[in-house]
Amino acid sequence: MSAPDFNIKYVAHLARLKLSPEEEQQLGAQLGHILGHIEKLKEVDVTGVEPTAHAFPLVNVFRTDEPRPGLSTEEALRNAPKQSSGLFVVPKVVE
Amino acid sequence: MLHRLTISELTARLARREVSAREAMQACLNQIADVDGDIRAFISHDPADALTQADAADKAIIAGADFARQPLLGVPMALKDVLAVKDQPLNCCSKILGNFRSPYDATVVEKLKAAGALIFGRLNMDEFAMGSSTENSAFQTTRNPWDTARIPGGSSGGSAAAVAADECIASLGSDTGGSIRQPAALCGCVGLKPTYGRVSRYGLVAFASSLDQIGPFTKDVRDAATVLEVISGQDQRDATSIPQPVPPYTKALTGDIKGLRLGLPKQFMVGGLDPEVKRAVDAAVTHLQSLGATVQEVSLPHTDHDVAVYYIIATAEASANLARFDGVRYGARVDGADPLEMYGNTRGAGFGAEVKRRIILGTYVLSSGYYDAYYLRAQKVRTLIRRDYLRAFEQVDVIVAPTTPTPAFKVGEKSGDPLQMYLSDIFTIGCNLAGIPGLSLPCGFAPTAKPGMPHAKLPIGLQLLGKPFAEETILRLAHAYEQSTPWHQERAL
């Protein structure tokens, strides 16, 4: 049993992943198989059960709002694939 | 022979000045030169920097350093390639990080350095910690030191193999669904996943943030307690770290387990369990009874759903966490006409097959129209799984189980079938979903056929699961077992 309308092209677009036609074919088949296994969860009665996002949820974790040393511009840019004038360079966004 | 020592043995000799940290580090470097061509646990290491660190430790020792305050002084340690060490490379064994070098230390690294450890190498892993064999590393597949035709486990396979092959004295890994305990079991060392929130993840590259924990690989239980004591504690830079005092874990190793109540989950001792693993775990339970523990069966009725819940929650969180690898701020970039095309090209070229598979699955289960059916439902079943564990802990102090269903499998045996690979994590995932601590230690060996070696054998791991923040209890139990059995004295090489 695989998910009825699993559209690999659409999901790959959402994930910002460029896949080759071979990858689309192979991943699509493998994920159908994995989703088939996951379908088992539909057997479980979860009526009235609260979801768990964290095993030990902490709320309102605050620290004092004081300036602390952080990365310098140089350190922050050190691993950048492309940089200029202390900034990250990206392809043109606006025409 | 210094590379063969445990932390406690080495630091005792360093404190008496019988040996130097430089000699200990040199012994590890020599062992790497001798064996790592076959084992392939190290992605990189810097011998000159390692010896410089060792010299600094020797100076501190001569100046009268206090080993009670610096329990890892002069101890050579290597780390999984997922932890940030300032100015060292960090790749998560992926192509997408390019020539990344960390601009800062992870909190655990700061703590190790403050305790005097010499941090000198990057250890192999499945790309972004996604896998159970290190076969998903973009760089190399690590081999099991007990049989190099077999995998060391994963994802922290390099961390386990390096300790088992005596290439370093101890190491750190990370555990999201078993990535410390499974390779520790398959390589015959001690691996500990602490309670969720026990150890700060600041400087750990995130995989699944509601599951990830950092923990040690060591040659014995005492060393695991020593490292845990160093790396634990709340950290303002990780808002999920829990403000709970850090007890002196080594003081918990009393050898006395009389009256400790152990639970055997009936759902774990069924189909798919290798007969040699079953034999070893049964014998370990009998032995623990002879040491004064009591044993009863417990039930974890939702165990059957662990793998499905895990592969929804972990991939969903991973798909969000790995969005940051887009070719803008760090790592490799593959150009495109506009940012969208650049992201797609960079990620398409930079991620390996398993990472893509999980990002796609995670994106799908979070996507509009499927969120409730998959992700929300998985989070609800997670509640039931966690409840099962907490109910079991009303009757028992520790849950005892096999760490893995089989000993180490062969390289290539499961790499073509992702679902079979996922199912090999069946005994370790529940611990992460419930957020509880888990430890694996050697409990015997399975004979194996190996050409020219009629007595070849593979380690088997015993898994001890504790109540939240009950690391002291599982360490005490593990120590009592270890010190009255011969397994930890056997070396792979």
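Up top is the structure these notes are about.
My aim in this report is to walk through the structure given alongside it, one point at a time. What you see is a predicted model; the values in this text were computed from it and never measured.

### Considering the overall build of chain A
Here comes step 1: Each helix and strand in chain A was counted, giving 3 helices and 2 strands.
Here comes step 2: Seen in sequence order, chain A has helices and strands lined up from the N terminus as α-α-α-β-β.
Here comes step 3: Relative to a compact globule of 95 residues, whose C-alpha radius of gyration would be 12 Å, chain A shows 23 Å and is clearly more extended.
Here comes step 4: Taking the principal axes of its C-alpha atoms as reference, chain A extends roughly 55 × 45 × 25 Å.
Here comes step 5: Taken across its 95 residues, chain A has 15% of its residues classed as buried.

### Remarks on the pairing of strand β2 (residues 76-80) of chain B
Residue and element names in this part refer to chain B.
Here comes step 1: Burial runs high along β2: 5 of the 5 residues are buried.
Here comes step 2: As judged from the 4 bridges shared by β2 and strand β3 (residues 118-123), these two strands associate in the parallel manner. Bridge pairing in β3 places Lys 80 opposite Leu 123.
Here comes step 3: As for the winding sense of the linkage, the β-α-β connection from β2 through helix α4 (residues 107-114) to β3 is right-handed.

### What about the interface of chain B and chain A?
Quite often, the size of an interface is put as the accessible area lost when its parts meet.
Here comes step 1: In this complex, chain B contributes 57 residues to the contact, which on the side of chain A involves 43 residues.
Here comes step 2: Contributing elements (two or more residues each) for the side of chain B that touches chain A: α9 (306-321), α10 (339-350), α11 (353-366), α12 (371-395) and α13 (418-423) of chain B.
Here comes step 3: The leading source of residues in the side of chain B that touches chain A is α12 of chain B, at 11 residues.
Here comes step 4: Tallied by class, residues from the side of chain B that touches chain A come to 28 nonpolar, 17 polar and 12 charged.

### Details of the nonpolar core
The tendency in soluble globular proteins is for nonpolar side chains to be buried as a group.
Residues and elements named next belong to chain B.
Here comes step 1: Counting 170 residues, the largest nonpolar core has Leu 118 and Ile 312 as its most contacted members.
Here comes step 2: A per-element tally of this core places α9 first, with 10 residues.
Here comes step 3: In contact with Leu 118, other than residues within four places in its own chain, are Ala 21, Met 25, Ala 50, Gln 53, Ala 54, Ala 57, Gly 74, Val 75, Pro 76 and Met 77.

Reading guide: rules and limits
Residues numbered from 1 in each chain as written. Chains lettered and ligands numbered in written order. Predicted model: local features only at pLDDT ≥ 70, side-chain atom pairs only at ≥ 80, totals over all residues. Helix = DSSP H or I, 4+ residues; strand = E, 2+ residues; numbered from the N terminus. Rg over C-alpha atoms; globule rule 2.2 N^0.38 Å. Buried ≥ 20, exposed ≤ 12 C-beta atoms within 10 Å, placed from the backbone. Pairing = 2+ DSSP bridges. Right-handed = clockwise from strand over helix to strand, strands pointing away. Contact = placed C-beta atoms within 7 Å. Nonpolar A, V, L, I, M, F, W, Y, C, P; charged D, E, K, R; others polar. Core = buried A, V, L, I, M, F, W, Y, C linked by C-beta atoms within 7 Å.

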